[in-house]
Amino acid sequence: MFITFEGIEGSGKTTQAQLLRDFLVNKGYRVTFTREPGWGILGRLIRRMLLEERDLELDPVAELCLFCADRAQHVKELLRPRLKAGDIVICDRFVDSTVVYQGYGRGLDIELVKKVANASTLGLKPDITLLLNLPVRIALSRIRNRESMTKFEEEPLEFHERIRQGYLFIAQKEPDRIKVINAARGVDQIREEITDIVLTRLSR
Ligand code: TYD
């Protein structure tokens, strides 16, 4: 089973992804836990270019291609083999991030973004996507205290608002795969809802 987590910065998705991993490991499942961007040799290089190189003003098309290059390699070298071996794979961000960040966020042509993004998955689709949804102001107030901000975290409020709305829009189109989770609640409440969703799906 392939599970992805999505959401705006500060939505708490990384915390919840880790809690789900711990829960499933305790239940005896073999779990691979990973994230995008940044896996493997290529991923680490790309992550640095995308998030840390402040002097590199990336063109949005170049940015799109880099996220997608990272994904294709990730799918081929890690995700596919681990799924084939029977692991539950949990990935912090996947193709939906590209559609909303580069499409709705950067304003690139949505059809172009979808085409390139879909190609980058090599045909792999998440079984469940957990979308942590909460108001932008609350999310951003959570990350203001972080020590190192990435380029994306420094974007204006309107950028993050477009991302949030983009996520909600694509969730409406695929309600069976994308589960919208109210992330403006306590960690435990959110964790319980997520484990219920995943256990129900595992017992199908
Ligand atoms: P990261 O430090 O991993 O933060 P987060 O905890 O928010 O995932 O930063 C990844 C950033 O890259 C995040 O701001 C979203 C952005 N991103 C895209 O713009 N497109 C993509 O396809 C992916 C995977 C991430």
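See above for the structure.
Rules used in this analysis
Residues numbered from 1 in each chain as written. Predicted model: local features only at pLDDT ≥ 70, side-chain atom pairs only at ≥ 80, totals over all residues. Heavy atoms only, no water. Pairing = 2+ DSSP bridges. Helix = DSSP H or I, 4+ residues; strand = E, 2+ residues; numbered from the N terminus. Axes fitted to C-alpha atoms, helices over the stretch in contact; angles between N-to-C directions. Salt bridge = Lys/Arg side-chain N within 4 Å of Asp/Glu carboxyl O. Buried < 20%, exposed > 50% of the residue type's maximum accessible area, 1.4 Å probe, protein only. Polar contact = N/O pair within 3.5 Å; in protein donor to acceptor, adjacent residues only side chain to side chain. Contact = heavy atoms within 4.5 Å.

Caption draft 1: Geometry of the sheet that holds strand S1 (residues 2-7). Reading across from one edge, S2-S3-S1-S4-S5 is the order of the five strands in this open sheet, with parallel pairing throughout. Two strands close off the open sheet at either side, each with one partner strand: strand S2 (31-35) and strand S5 (178-182). Averaged over neighbouring strand pairs, the angle between their axes works out to 20° when direction is ignored. The sheet contact formed by strand S4 (residues 128-133) and S5 spans five bridges and is parallel. The residue bridging leucine 131 from the neighbouring strand is valine 180, located in S5.

Caption draft 2: The pattern of salt bridges, seen in detail. Applying the stated criterion across every chain, the model contains 15 salt bridges. Two residues, arginine 106 and glutamate 63, come together in a salt bridge whose shortest N-O distance is 2.9 Å. In this pair, arginine 106 sits in the loop between helix H4 (95-105) and helix H5 (110-120) while glutamate 63 sits in helix H3 (residues 60-84), placing the two residues 43 residues apart along the sequence. The salt bridge involving aspartate 188 is made with arginine 191; its shortest N-O contact spans 3.3 Å. Taken together, the positions of aspartate 188 and arginine 191, both in helix H8 (residues 187-202) and three residues apart, correspond to about one turn of that helix. Sharing partners across several salt bridges, the network here consists of Asp96, Lys125, Glu174 and Arg177.

Caption draft 3: Highlighting the side chain of aspartate 87. In this structure, aspartate 87 sits in the loop between H3 and strand S3 (88-92). Classification of aspartate 87 as buried rests on a relative accessible area of 3%. Among the polar contacts made by the side chain of aspartate 87, one reaches the side chain of arginine 30 at a distance of 2.8 Å. A distance of 2.6 Å separates polar atoms of two side chains, one belonging to aspartate 87 and the other to threonine 32. Among residues more than four places away in sequence, those in contact with aspartate 87 are Met1, Arg30, Val31, Thr32 and Arg82.

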